[in-house]
Amino acid sequence: MVHKVSGQCLCGGVRFVAEAKTHDVTVCHCSMCNRWSGGVSMFMDVIGAPEFEGRDLIGIYRSSDWGERAFCKVCGSSLFWKLAGKDRYTLSTGALNDQTVLTMATEIFIEDKPAYYAFANDTVKLSGPDAMAAFVEEPDGA
Ligand SMILES: [Zn+2]
Ligand SMILES: [Zn+2]
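1. Comments concerning the packing of aromatic side chains
- Under the definition given, this model contains seven aromatic pairs.
- Geometrically, the ring pair formed by phenylalanine 52 and phenylalanine 80 is tilted, given 5.4 Å between the ring centres and 35° between the ring planes. Taken together, the residues span a long stretch of sequence, with phenylalanine 52 in strand β5 (residues 51–53) and phenylalanine 80 in strand β8 (residues 78–83) at a distance of 28 residues.
- Between the aromatic rings of tyrosine 116 and tyrosine 117, the centroid separation amounts to 5.0 Å while the plane-to-plane angle is 80°, which identifies the pairing as edge-to-face.
- By way of ring pairs, the aromatic residues Phe16, Phe52, Phe80 and Tyr89 are connected into one cluster.
- One Lys or Arg, lysine 113, reaches over the ring of tyrosine 117 and ends 5.4 Å from the middle of that ring.

Dropping the structure here:
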């Protein structure tokens, strides 16, 4: 079953709609996500590329050989992480309009998690290498 999701940045200049197979949230504890978003980052996989409004306000930062991070050039909101050169997107769950339907399912880069927090949710916990291998094997989104 496919769900519609929508969201926007803090200033509202960037808006998007996308389709997802689940409402599962993946938490990433890696040091790049921590710096990028100002804390722990949470994402939802979507199918293909979202439709964007305000595309000219989206800034892209190539944070690694394989990944790109997008933000609003006006308000700085973290919008999505995607595989470089591919329509494989994970949206920042904080940007989503309806967060009541979300379920925290997986925590990745668990070995990089700072010691000062720990989620009580019952989640699957994956190392960084295991998480990246699983991600690349699921080209349509999980
Ligand atoms: Zn904005
Ligand atoms: Zn990360």
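2. Focus: the nonpolar core
- Of all hydrophobic cores here, the largest spans 18 residues; its most connected members are Val14, Val46, Phe52, Ile58, Leu79, Phe80 and Leu91.
- Looking at this core, the elements with two or more residues in it are β2 (15–20), β7 (67–72), β8 and β9 (89–92).
- In terms of residue count, the dominant contributor to this core is β2 (three residues).
- If sequence neighbours within four positions are ignored, leucine 79 has contacts with Cys9, Val14, Trp36, Ile58, Ala70, Phe71, Cys72, Leu91 and Ser92.
- The next biggest cluster of nonpolar side chains, apart from the first, holds twelve residues, and it includes Cys30, Trp36, Leu83 and Ile108.

3. Here we look at the coordination of the zinc ion (ligand 1)
- Donor atoms from the polypeptide that coordinate the zinc ion (ligand 1) comprise Cys9 (SG), Cys11 (SG), Cys72 (SG) and Cys75 (SG), at 2.3 to 2.4 Å from the metal.
- For the zinc ion (ligand 1), the four donor atoms are set out with angles of 103 to 115° between them, so the coordination reads as tetrahedral.

4. Observations concerning helix α2 (residues 128–136)
- Every buried residue belonging to α2 is among Gly128, Ala131, Met132 and Phe135, and all of these are buried. The buried residues of α2 occupy an angular sector of 95° when projected down its axis, which confines them to one face.
- Buried-residue contacts for α2 involve β4 (41–45), β8, β9, β10 (103–108) and β11 (124–126).
- The opening residue of α2 is serine 127, an N-cap whose side-chain oxygen sits 3.2 Å from the backbone nitrogen of aspartate 130.

5. Section: the sheet that holds β10
- Read across the open sheet, the eight strands follow the order β6-β7-β8-β9-β4-β3-β10-β11; overall the sheet is mixed. Strands with a single pairing partner mark the edges of an open sheet, and in this sheet they are β6 (58–62) and β11. For this sheet, the mean angle separating the axes of adjacent strands, direction not counted, is 30°.
- Both strand β3 (residues 24–28) and β4 contribute to a ladder of three bridges, which runs antiparallel. Each bridged residue has a counterpart across the sheet, and for cysteine 28 the counterpart in β4 is serine 41.
- Packed onto the sheet, α2 meets β4, β8, β9, β10 and β11 and runs at close to 75° relative to β8.

Criteria and thresholds
- Residues numbered from 1 in each chain as written.
- Chains lettered and ligands numbered in written order.
- Predicted model: local features only at pLDDT ≥ 70, side-chain atom pairs only at ≥ 80, totals over all residues.
- Heavy atoms only, no water.
- Phe/Tyr/Trp six-rings, centres within 6.5 Å; stacked < 30°, edge-to-face > 60°.
- Helix = DSSP H or I, 4+ residues; strand = E, 2+ residues; numbered from the N terminus.
- Lys NZ or Arg CZ within 6 Å of the ring centre and 35° of its normal.
- Core = buried A, V, L, I, M, F, W, Y, C linked by side-chain atoms within 4.5 Å.
- Buried < 20%, exposed > 50% of the residue type's maximum accessible area, 1.4 Å probe, protein only.
- Contact = heavy atoms within 4.5 Å.
- Donors = N, O, S within 2.8 Å, 3.2 Å for Na, K, Ca; no water.
- Tetrahedral: all angles 85-135°; square planar, octahedral: opposite > 155°, others 65-115°.
- Arc of directions from axis to C-beta.
- Polar contact = N/O pair within 3.5 Å; in protein donor to acceptor, adjacent residues only side chain to side chain.
- Pairing = 2+ DSSP bridges.
- Axes fitted to C-alpha atoms, helices over the stretch in contact; angles between N-to-C directions.

The values reported here are purely geometric and, on their own, carry no functional implication.
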